[in-house]
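This is what each chain is made of:
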Amino acid sequence: MSGNFSLQGYKGKVKELLLSVGVDIGDEVRIVKDGMVYEGVLAPRVEYGEEGYIVVKLRSGYNVGIRVSDGGIKIERLPARREVRYKPPVIPRARSNLPSVVILGTGGTIASRVDYRTGAVTPIFSADDLYGFTPELADIARIDVETVFNIFSEDMTPRHWSTIASRIGDYVGKGVDGIVVTHGTDTMGYTAAALSFALRSIPIPVILVGAQRSPDRPSSDAALNLIGAVTAAAKAPFAEVVVAMHGGLSDDEVVFHRGTRVRKCHTSRRDAFKSINSDPIAIYRDRRIEMLTEDYRRRGCREFRVEAEFEEKIALVKFYPGFDHRVLDWYVDNGYRGIIIEGTGLGHISGRCIQPIKRAVDSGIFVGMTSQCLWGRVNMNVYRTGRELQAVGVVPLEDMLPETALVKLMWVLARVKDMDEARKLMLTDIAGEIASRTSFRWYA
Amino acid sequence: MASLDYESLGLRVGLELHFQLATGSKLFCRCPATLSESEAKIRFERRLRPTQSELGEVDPAALFEYRKGLTIVYEADDRSACLVELDEEPPHSINEEAVDIALTIALLLNAKPVDEIHVMRKVVIDGSNTAGFQRTCVVALGGWIDLDGRRIGIQSICLEEDAARIVERRGDRIYYKLDRLGIPLVEVSTSPDIRSPSEAGAAALAIGRIVLSTGKARDELGSIRQDVNISIRDGALAEVKGVQHLSLIPKVVENEVRRQVRLLELRDELRRRGLSKSDVDPTLYDVTDVFKQTQCRVISAAIGSGGVVYALKLPRFRGLLSWELTEGLRFGMELADYAAFWGRLGGIFHTDELPAYGISASEVEALRRAVGANLEDVVVIAAGSRDNVEDGLKAVLERVIVAFDGVPEETRRAEPTGVTRYMRPRPGAARMYPETDIPMLIIEPRRIENLRSNLPELPSIRVKRYIEEYGLSRKLAEELVNSLYEDLFERVCRSFPSLPPSIVASTLIETTTMLRRRGVPVDQISTDRFYELFRFLAEGRLFKEAIPDILACMAGRGIDVSEALEELKLKPLTDEELKTIVAEEVAKSGELISKHGLNAAKIILGSIMRKYRGRVNASRLAGMIEDEVRRILP
């Protein structure tokens with residue numbers, strides 16, 4: 001590390017002090033202050049830490065912060081103790097008769113590794129890294145890994161969805177048996193919906209997978225999720241886009257949720273993802289994939305094509321008491337082509353919004369209604385407000401999830417301009433996002 | 001046994017004392033920091049995976065546990081555990097009250113607080129932490145205590161989460177309760193400056209008193225856990241975990257020193273016999289057939305469920321497996337402990353102690369023939385599934401090889417008898433990395449100055465105060481300060497000013513000592529129960545003569561003071577009852593009274609006290625008897 005002098009995280013006077021002593025991250029140091037001797041390795045400083053502190057990893061393994069501004073501090077660089085080299089894990093050889101699975105990395109907690117010396121999180125780039133923390137994969141499939149990009153999922157845009165879809169298209173063309181996409185959990189539901197629409201008649205399973213707990217933790221949900229996902233990609237009978245995550249608090253089940261019906265419903269639990277207004281389609285347990293329904297698309301040769309354009313000027317607007325209807329005017333005046341409303345109850349908003357909505361519809365903007373209740377079906381015939389909204393042209397979107405409706409509208413309006421056609425497409429079930437019956441089993 | 005010369009043996013002892021804090025909530029969440037007795041409301045299972053260290057290596061014991069397919073079952077109730085304990089939510093900010101207590105302890109121990117606290121993750125995958133790591137931070141470094149003119153150095157004071165409570169282990173499932181997980185612990189680690197068993201006990205007591213003087217550390221049984229690190233020259237570091245009671249520490253040190261000395265003597269004996277490592281035969285012999293008809297239940301059960309019996313031959317080892325290391329521990333038992341850990345076996349059998357356990361002399365003969373062993377050789381056998389038996393005997397073999405070098409470094413556990421037993425191999429260098437979910441905490445000089453000006457009294461000051469303020473004798477005051485009951489004593493005296501402090505103190509010190517000597521588990525009585533006892537005393541609902549019996553009755557059982565009174569029938573007699581009894585007794589004692597006159601009152605007192613001791617105030621009774629006798633006297 002010496003000669004590099006990156007001094008990651010250190011700024012100002014402290015950085016000058018360290019530079020003057022010629023010491024860098026990873027060097028052995030002895031710091032004496034107030035009669036106390038601190039010996040260990042110079043550790044990096046995190047970005048948001050206060051200036052004026054030096055971090056040392058003591059021989060015991062503990063980190064401490066030492067305040068420099070008190071003065072009377074003496075820093076000395078010590079000779080290196082021993083060369084610490086990372087020994088990569090022994091890579092198990094996958095048998096050649098196993099199914100072939102491609103893992104596309106887009107980022108997220110699941111695809112990261114921790115540098116134990118610094119605590120820094122680094123992305124996993126290779127299959128070797130994945131085998132490192134989940135060696136069982138070698139018994140399940142022959143795996144290739146490609147990093148498509150590595151970003152926080154909240155920074156993703158529809159253009160990223162298009163990129164992922166087109167990479168998937170390429171691999172389908174190469175004849176792989178299944179595809180796994182690692183993804184940050186925050187917006188994994190949106191991407192899953194997007195791919196469900198963009199991959200027309202996909203002949204193999206596409207499994208999105210994430211983790212709520214990073215893989216550096218022994219308790220991480222990453223390994224089981226990944227094993228379930230790769231198993232499904234290798235041999236599940238379904239050919240759909242799904243999200244694979246823990247089914248409960250125990251490390252025993254991975255549940256596969258249809259991409260158009262799945263939603264992240266908890267900030268932190270490992271079973272945060274739920275299917276809403278639908279059953280999950282399959283479950284992984286005891287090393288097997290069990291289907292939970294007969295109603296699914298099977299694997300097989302078909303007319304597969306990628307249609308991955310998304311219109312970005314679509315808005316998702318959540319209604320609430322006191323909502324300022326002029327927000328809707330803003331969308332109209334700024335060239336938006338579609339608005340999905342998350343209304344209350346059966347699909348309602350305040351009567352004050354009816355005129356702005358009429359204005360939107362009349363200017364050729366598609367306005368669709370979903371419910372912030374999430375569960376249940378929108379019905380705008382029951383109450384007067386609903387009927388009035390329909391009269392001005394709002395399209396009730398049945399039992400579709402608001403987030404899914406947003407993504408679907410982006411996809412629909414990228415390919416049609418006519419509002420009647422758009423309405424027809426929005427109300428046609430393309431990938432399981434809309435159903436004509438609601439089971440009494442589907443609720444929380 | 002002859003007493004040992006610890007100095008020439010080069011004894012070095014270090015202590016790691018863990019104190020549970022009595023804070024309002026846990027260290028990284030707002031659950032209450034108390035153990036729960038309510039039923040588990042949820043149960044879930046996890047597998048904890050060994051992760052790689054920065055060297056790309058995996059901790060061997062951890063990998064071993066994982067491959068053996070250990071499933072961890074957690075039980076929690078929702079009063080004492082939240083999503084943080086379930087590893088379903090990131091930790092909340094660190095409990096500042098706990099930080100202040102830890103800093104106070106640091107100041108009392110002359111240690112230097114760090115400028116900025118960094119919480120670390122210390123990887124642990126035996127299941128005792130749901131996240132697979134313990135959150136821990138160093139709060140202060142250095143320090144010392146003075147012990148009879150010698151200075152014992154302190155290495156560090158750390159603040160960390162307590163672990164989940166193990167409930168039981170059944171086959172490949174291990175059960176934990178989550179109520180204790182997350183309770184703040186302060187760990188005080190000394191330098192290995194301690195040089196004798198009695199010094200170890202004294203150091204633990206001195207540090208314990210200092211920590212408890214903050215008034216913020218729990219003092220019930222189980223809330224102070226003591227680990228002792230012991231080594232002698234030519235021996236090896238033994239990390240002894242979980243010494244239950246302070247008073248056991250000197251005994252543990254002494255036993256461990258003896259054990260190591262005897263292991264070195266074993267090594268020498270091996271040399272004397274002309275044996276070397278290459279003489280040890282690594283072959284595992286299948287001797288299942290020898291035991292087809294055995295009366296030994298363990299072996300026949302193993303064979304019955306499809307298992308095997310394998311044997312190991314140790315040439316010219318005769319007598320070495322029954323080599324006594326300390327009282328109650330023989331070398332053969334050490335080997336059995338290794339077999340138990342690595343092979344999950346209940347135990348092993350060896351020819352130094354056979355025939356026994358249902359294994360016949362003829363079976364022993366057949367066994368020797370089967371492996372080609374003569375009477376000078378020892379044969380070790382194990383029964384169970386093939387995998388377990390192989391793993392277990394391989395571990396035995398490795399331990400035997402190490403015996404040629406002397407003493408292995410180990411982690412051992414302390415038994416209530418003071419003997420240590422092998423627990424697991426010493427872990428690799430503690431794998432610690434920053435806990436990035438918790439921001440670093442700057443410790444401002446102002447905070448330290450504040451704490452410094454509010455430090456609790458040192459023990460010597462308190463002795464003086466107890467003498468002056470409460471009128472205790474010096475002896476009782478010193479004993480009180482040496483005990484764990486000070487806080488309780490002051491609470492009781494302040495709440496019940498009608499009680500003479502010396503009675504409170506002597507109950508807490510002398511009565512408990514007397515009961516402890518009788519084997520009564522008086523340390524298991526909670527402070528709340530003691531407080532209740534004194535309240536009853538103050539309210540006249542029991543008499544002080546009843547106290548020893550009531551304590552003995554409550555100890556180790558979940559009953560309270562009124563239940564104990566009921567059970568022992570020690571409720572004070574009402575005035576009515578007393579009058580009746582006195583009248584009856586005096587009426588019966590006509591002869592006595594005519595003979596001795598008023599002095600008969602004393603005898604009558606004695607006989608009533610024999611029957612009703614603990615239910616009556618002696619001096620009041622005496623007065624009543626005198627009055628009655630006087631009434632009768634002509």
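Given the structure is predicted, the values throughout are model-derived calculations rather than measurements.

**With respect to unusual backbone geometry**
Working step 1: Omega for the bond connecting Leu354(B) with Pro355(B) falls within 30 degrees of zero, at 5 degrees, which places this linkage in the cis form.
Working step 2: In this structure, Pro355(B) sits in the loop between β19 (349-350) and α8 (361-371).
Working step 3: With phi around 55 degrees, Asp34(A) is a residue other than glycine that occupies positive phi space.
Working step 4: Its place among the elements puts Asp34(A) in the loop between β1 (28-33) and β2 (36-43).

**Topic: the pairing of strand β3 (residues 53-58) of chain A**
Across a regular strand the side chains alternate sides, sitting on one face of the sheet and then on the other.
Residue and element names in this part refer to chain A.
Working step 1: Summarising burial for β3: 6 of the 6 residues are buried, a large majority.
Working step 2: Burial of the side chains of β3 extends over both faces: Tyr53, Val55 and Lys57 are buried on one face and Ile54, Val56 and Leu58 on the other.
Working step 3: Summarising the sheet, β2 and β3 pair through 4 bridges and their orientation is antiparallel. Bridged to Gly40 within β3 is Leu58.
Working step 4: Judged from the 5 bridges that link them, β3 and strand β4 (residues 63-67) form a sheet pairing that is antiparallel. Looking at the pairing, Val56 lines up with Val64 of β4.

**Focus on helix α5 (residues 249-272) of chain B**
Working step 1: In a regular helix each residue adds 1.5 Å, so 24 residues correspond to 34 Å; α5(B) covers 34 Å between its end C-alpha atoms and thus fits that length.
Working step 2: Once α5(B) finishes, Gly274(B) follows within two positions and takes phi at roughly 75 degrees, a positive value.

**Examining the nonpolar core**
Working step 1: Ranked by internal contacts, the top residues of the largest apolar core, which has 125 residues, are Ile54(A), Leu159(B), Val188(B) and Phe317(B).
Working step 2: In contact with Phe317(B), other than residues within four places in its own chain, are Leu270(B), Arg273(B), Leu275(B), Asp352(B), Glu376(B), Asp377(B), Val378(B), Val400(B) and Phe404(B).
Working step 3: The next biggest cluster of nonpolar side chains, apart from the first, holds 54 residues, and it includes Ala194(A), Met245(A), Met400(A) and Ala422(A).

**Side note on the confidence of the model for chain B**
Working step 1: Looking at chain B as a whole, its pLDDT mean stands at 90, while 96% of the residues score no less than 70.
Working step 2: This complex was scored by the predictor with a pTM of 0.82 and an ipTM of 0.88.

**Regarding the interface of chain A and chain B**
Working step 1: Counting residues at the interface gives 52 residues for chain A and 54 residues for chain B.
Working step 2: Both faces combined, the contact of chain A with chain B buries some 4,300 Å², and carbon together with sulfur accounts for 54% of it.
Working step 3: Inspection of the region where chain A meets chain B yields 10 salt bridges.
Working step 4: Note that Arg270(A) is salt-bridged to Asp87(B), the shortest N-O span being 2.7 Å.
Working step 5: In this structure, the connection of chain A to chain B is made through 22 residue pairs in polar contact (both at pLDDT 80 or more).
Working step 6: Only β2, β3, β4, α2 (127-133) and α5 (222-235) of chain A provide two or more residues apiece to the side of chain A that touches chain B.
Working step 7: Looking at the side of chain A that touches chain B, the element that brings in the most residues is β4(A), giving 5 residues.
Working step 8: Of the residues belonging to the side of chain A that touches chain B, the class tally is 22 nonpolar, 13 polar and 17 charged.

**A closer look at the side chain of Ser196(B)**
Residue and element names in this part refer to chain B.
Working step 1: Take Ser196: it is sitting in the loop between β12 (184-190) and α4 (197-212).
Working step 2: At 3.1 Å, the side chain of Ser196 forms a polar contact with the backbone nitrogen of Glu199.
Working step 3: Apart from residues no more than four positions distant in its own chain, Ser196 is found in contact with Tyr6 and Leu11.

**Here we look at the packing of aromatic side chains**
Residues and elements named next belong to chain B.
Working step 1: Summed over the entire model, instances satisfying the criterion amount to 21 aromatic pairs over all chains.
Working step 2: Both rings, one in Phe341 and one in Trp342, keep their centres 4.9 Å apart while their planes meet at 80 degrees; by these two values the pair is edge-to-face. For the pair Phe341 and Trp342, one class covers both residues: buried.
Working step 3: Taking 6.1 Å as the distance between ring centres and 50 degrees as the angle between the ring planes, the aromatic pair formed by Tyr466 and Tyr470 counts as tilted.

**A look at the sheet that holds β1(A)**
Working step 1: What the 7 strands build is an open sheet, ordered β5(A)-β1(A)-β2(A)-β3(A)-β4(A)-β5(B)-β24(B); its pairing is antiparallel. Two strands close off the open sheet at either side, each with one partner strand: β5 (73-78) of chain A together with β24 (441-442) of chain B.
Working step 2: Across the face of the sheet, helix α1 (residues 12-21) of chain A comes into contact with β2, β3 and β5 of chain A while running at roughly 45 degrees to β5(A).

**Considerations on the sheet that holds strand β23 (residues 395-396) of chain A**
All names here are of chain A.
Working step 1: One open sheet holds the 4 strands; their spatial order is β20-β21-β22-β23, and the pairing between them is parallel. Sheet topology places β20 (314-318) and β23 at the edges, where each strand pairs with a single neighbour.
Working step 2: Direction of pairing for strand β22 (residues 366-371) relative to β23: parallel, over a ladder of 2 bridges. Within the sheet, the bridge partner assigned to Met369 lies in β23 and is Pro396.

**Quick word on the side chain of Glu532(B)**
Residue and element names in this part refer to chain B.
Working step 1: Examined against the element boundaries, Glu532 turns out to sit in helix α15 (residues 527-538).
Working step 2: You can call Glu532 buried: its relative accessible area is 14%.
Working step 3: When near neighbours in sequence (up to four residues on either side) are disregarded, Glu532 contacts Asp560 and Val561.

About the cut-offs
Residues numbered from 1 in each chain as written. Chains lettered and ligands numbered in written order. Predicted model: local features only at pLDDT ≥ 70, side-chain atom pairs only at ≥ 80, totals over all residues. Heavy atoms only, no water. Helix = DSSP H or I, 4+ residues; strand = E, 2+ residues; numbered from the N terminus. Buried < 20%, exposed > 50% of the residue type's maximum accessible area, 1.4 Å probe, protein only. Pairing = 2+ DSSP bridges. Expected span 1.5 Å × (residues − 1). Core = buried A, V, L, I, M, F, W, Y, C linked by side-chain atoms within 4.5 Å. Contact = heavy atoms within 4.5 Å. pLDDT = per-residue confidence, 0-100. Buried area = accessible area lost by both parts, 1.4 Å probe. Salt bridge = Lys/Arg side-chain N within 4 Å of Asp/Glu carboxyl O. Polar contact = N/O pair within 3.5 Å; in protein donor to acceptor, adjacent residues only side chain to side chain. Nonpolar A, V, L, I, M, F, W, Y, C, P; charged D, E, K, R; others polar. Phe/Tyr/Trp six-rings, centres within 6.5 Å; stacked < 30°, edge-to-face > 60°. Axes fitted to C-alpha atoms, helices over the stretch in contact; angles between N-to-C directions.

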